[in-house]
Amino acid sequence: VSESPLVHLAVTFALLSIVAIGGLNAVLPEIHQQVVEVRGWMTDDELAKLVAIAQAAPGPNGLVVSLVGWRVAGWAGFAVATLAMAIPPALLAFATSRLHRRLAAASWLGTVQAGLVPITIGLILASGVVMARAADDTPLAAVTTVLVALAVWHTRLNPLWLLGAGAALGLVGA
Amino acid sequence: VNADLSAAEADVRPTRLGLFLGFLKIGLCGFGGVGPWAHRVIVEERGWVDDREYARLLGLCQMLPGPNVGNVAVCLGDRFHGAVGATLALTGLMVGPLGVLLAFIGLYDRFAQVPAVDGAVGGVAAAAAGLFIGTALKLAGRLRPTRVAVLVGLLAFVAVGLLRWPLVAVVVGLAPLSIAAAWRIRP
């Protein structure tokens, strides 16, 4: 196995992209494990801030992977991480699209979905807890996490407002 | 299948450029989540597919790995313009946000030494963690899960979030059990 960061980025993110049902937010704990604990590419705090920046940007979830690549290996890392994250699921979606009519008629599909959804929800919750541990270095930050969680749970506010409120609270605490 | 075909024929077929631009708009407008914008552009604005077909497509795409709207882009792109269309739609969706992301990180790196900037980004990080937690709770509530589903979700959470077991192994281990349980209670 090569020790090159680019190879490791490609293998890690390509593998994770395949198990990331419902999007890459579900696999943040494993990204954290690889990037912070196994490879030591950045600290807890640095990763939490990359996640924050990715959440504040528009677009599909999971783009934090591109930022991790950029931080680890510059432009090459950005390109490799982005492609590794995007191509495997895209190929799978393409294959599915070609089988669309046959698959849509199959009743087992709903059963598979019913089986996978609880896992995805458990993993998104795990992502939140892992990220909270990394980001909540002050009581104010912990309060922010709890308030935002409650607001998302019980209201239909656009998440962007909540991120903005987080920024304001962070500014107050700084 | 026949009704399906005639419905598909009634839809507005985008050009390659239209496909790219439509998904570019979805990507760039989707601050705080692209889902609502995808529906708005694809169904309401451009009429590429109707509501029912969109719901079916999204349901299919939610089961696949990768971002849901990314998968919708690939499927719709392929439907209208084959592999080229799929590539154009997915590229359109991603290129805008990636550009914004690079601008953000450039700004952040430049001003990270300013305590106020670092504090604000730290606050967003704390909020983002809450976003994930709240989303999981909201989804779990909507699902009205069976006892087995609650157990599976909790196992996945504890194993990955608290015990920090390898995620791939946990998913590969839990998925067959969870699907088998869902199979037993299927209507």
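Relevant structure appears above.
The notes below deal with the structure included here.

So, how was this worked out
Residues numbered from 1 in each chain as written. Chains lettered and ligands numbered in written order. Predicted model: local features only at pLDDT ≥ 70, side-chain atom pairs only at ≥ 80, totals over all residues. Heavy atoms only, no water. Helix = DSSP H or I, 4+ residues; strand = E, 2+ residues; numbered from the N terminus. Buried < 20%, exposed > 50% of the residue type's maximum accessible area, 1.4 Å probe, protein only. 1 Å grid on protein atoms, 1.4 Å probe; cavity = no way out; pocket = protein on both sides within 12 Å on 5 of 7 lines; lining within 4 Å. Points joined across faces, edges and corners; volume = space filled by probe spheres on them. Nonpolar A, V, L, I, M, F, W, Y, C, P; charged D, E, K, R; others polar. Contact = heavy atoms within 4.5 Å. Buried area = accessible area lost by both parts, 1.4 Å probe. Salt bridge = Lys/Arg side-chain N within 4 Å of Asp/Glu carboxyl O. Phe/Tyr/Trp six-rings, centres within 6.5 Å; stacked < 30°, edge-to-face > 60°. Core = buried A, V, L, I, M, F, W, Y, C linked by side-chain atoms within 4.5 Å.

## Some thoughts on the overall build of chain A
(1) Moving on: Scanning chain A from terminus to terminus reveals eight helices and zero strands.
(2) Moving on: When the helices and strands of chain A are listed from N to C terminus, the series reads α-α-α-α-α-α-α-α.
(3) Moving on: In terms of overall dimensions, chain A has a C-alpha envelope of 55 × 45 × 25 Å along the principal axes.
(4) Moving on: The 174 residues of chain A split such that 55% are buried.

## Points about empty space enclosed by the protein
(1) Moving on: In the structure shown here, the tally under the stated rule is two cavities of 30 Å³ or more.
(2) Moving on: Taken as a whole, the largest cavity encloses approximately 110 Å³ of empty space.
(3) Moving on: Along the walls of the largest cavity sit 16 residues, with Met85(A), Ala86(A), Pro67(B), Leu90(B) and Met94(B) positioned nearest its centre.
(4) Moving on: Secondary-structure elements contributing two or more residues to the lining of the largest cavity are helix H4 (64-98) of chain A together with helix H5 (68-111) of chain B.
(5) Moving on: Among the elements that take part in the lining of the largest cavity, H5(B) stands out by supplying five residues, more than any other.
(6) Moving on: Its residues assigned to classes, the lining of the largest cavity comprises 11 nonpolar, five polar and no charged.
(7) Moving on: In terms of lining, the second largest cavity is formed by Val19(A), Ile21(A), Ala26(A), Leu116(A), Ile119(A), Thr120(A), Leu123(A) and Val171(B).
(8) Moving on: Ranked by residues supplied to the lining of the second largest cavity, first place goes to helix H6 (residues 108-135) of chain A with four residues.
(9) Moving on: Considering only residue class, the lining of the second largest cavity consists of seven nonpolar, one polar and no charged.

## With respect to the interface of chain A and chain B
(1) Moving on: Listed per partner, the contact involves 98 residues of chain A and 89 residues of chain B.
(2) Moving on: Buried surface at the junction of chain A and chain B, summed over both partners, amounts to about 7,900 Å²; 78% is from carbon and sulfur atoms.
(3) Moving on: Here chain A and chain B share four salt bridges between them.
(4) Moving on: Residue assignment for the side of chain A that touches chain B shows that the elements contributing at least two residues are helix H1 (5-19), helix H2 (28-38), helix H3 (44-56), H4, helix H5 (100-105), H6, helix H7 (139-154) and helix H8 (159-173) of chain A.
(5) Moving on: If you tally residues by element for the side of chain A that touches chain B, the top one is H6(A), at 25 residues.

## What about the packing of aromatic side chains?
All names here are of chain A.
(1) Moving on: The full count for this structure, using the stated rule, is two aromatic pairs over all chains.
(2) Moving on: Between Trp75 and Phe78, the ring centres sit 6.1 Å apart and the planes meet at 75 degrees, which makes this aromatic pair edge-to-face. Of the two residues, Trp75 and Phe78 both sit in helix H4, three residues apart, roughly one turn of that helix.
(3) Moving on: Looking at Trp75, the relative accessible area reads 59%, which means it is exposed.

## Describing the nonpolar core
All names here are of chain A.
(1) Moving on: By size, the foremost hydrophobic cluster in this structure holds 87 residues, and its most contacted members are Phe13 and Val68.
(2) Moving on: The biggest single contributor to this core is H6, with 13 residues.
(3) Moving on: Not counting chain neighbours up to four residues away, the residues in contact with Val68 comprise Leu9, Phe13, Val35, Met42, Leu47 and Leu50.

## Concerning the side chain of Gln55(A)
(1) Moving on: Mapped onto the secondary structure, Gln55(A) falls in helix H3.
(2) Moving on: Residue classification places Gln55(A) among the buried residues on the basis of a relative accessible area of 15%.
(3) Moving on: Those residues in contact with Gln55(A), other than ones at most four positions away along the chain, are Asn25(A), Leu163(A), Ala128(B), Leu131(B) and Phe132(B).

Function-wise, these values are silent; they only describe arrangement.
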